[in-house]
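Below, each chain spelled out in residue letters.
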Amino acid sequence: MESSSVRTLEKICVFCKANYGKDESYVKAAHRLGEVLGKRGINLIYRGGNLGLMGCVSTTAAVHGSES
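Residues numbered from 1 in each chain as written. Predicted model: local features only at pLDDT ≥ 70, side-chain atom pairs only at ≥ 80, totals over all residues. Heavy atoms only, no water.

Undergrad: Go over the nonpolar core, please, and point to the residues and values.
TA: Formed by Val14, Val27, Ala30, Leu37, Ile42, Leu44, Leu53, Met54, Cys56, Val57 and Ala61, the largest nonpolar core amounts to eleven residues. Elements with a contribution of two residues or more to this core: helix H1 (24–39) and helix H2 (52–63). (Core = buried A, V, L, I, M, F, W, Y, C linked by side-chain atoms within 4.5 Å. Buried < 20%, exposed > 50% of the residue type's maximum accessible area, 1.4 Å probe, protein only. Helix = DSSP H or I, 4+ residues; strand = E, 2+ residues; numbered from the N terminus.)

Pasting the structure below:
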């Protein structure tokens, strides 16, 4: 029998637009991604500050516990 090893994701790099775009579903998805990352303790690596979709991901992730 082979042993299995489980690796957990500790950090993830996200790159997305610094504006919101025309489709509200992108904003909702960005917020959801940030929420999932934060709640799972996955730290976010990003550039571009806190504008647009990138801001949605980074701010929401931080609110839910992710570090950047």
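Undergrad: Account for the environment of Gly41, naming residues and giving values.
TA: In this fold, Gly41 is placed in the loop between H1 and strand S2 (43–45). Each C-alpha atom of the pair Gly41 and Lys11 lies 8.7 Å from the other, and the pair is 30 residues apart in sequence.

Undergrad: Go over H2, please, and point to the residues and values.
TA: The terminal C-alpha atoms of H2 lie 16 Å apart, and with twelve residues this matches the ideal 16 Å at 1.5 Å per residue to within 8%. For H2, the buried fraction is high: nine of the twelve residues fall into the buried class. Those residues of H2 lying buried are Gly52, Leu53, Met54, Gly55, Cys56, Val57, Ser58, Thr60 and Ala61. Phi turns positive, to about 110°, at Gly65, one or two residues after H2. (Expected span 1.5 Å × (residues − 1).)

Undergrad: I'd like to hear about the pattern of salt bridges, residue by residue, with values.
TA: Counted by the stated rule, this structure contains two salt bridges. For Glu35, the salt bridge goes to Arg32, with nearest N and O atoms at 3.6 Å. Here Glu35 and its partner Arg32 are both found in helix H1, three residues apart, which amounts to about one turn of the helix. A residue is classified by how much of its surface remains accessible, and Glu35, at 22% relative accessible area, is partly exposed. When the shortest N-O distance is used, the salt bridge between Glu35 and Lys39 registers 2.8 Å. Here Glu35 pairs with Lys39, and both are found in helix H1, just four residues apart, close to one helical turn. (Salt bridge = Lys/Arg side-chain N within 4 Å of Asp/Glu carboxyl O.)

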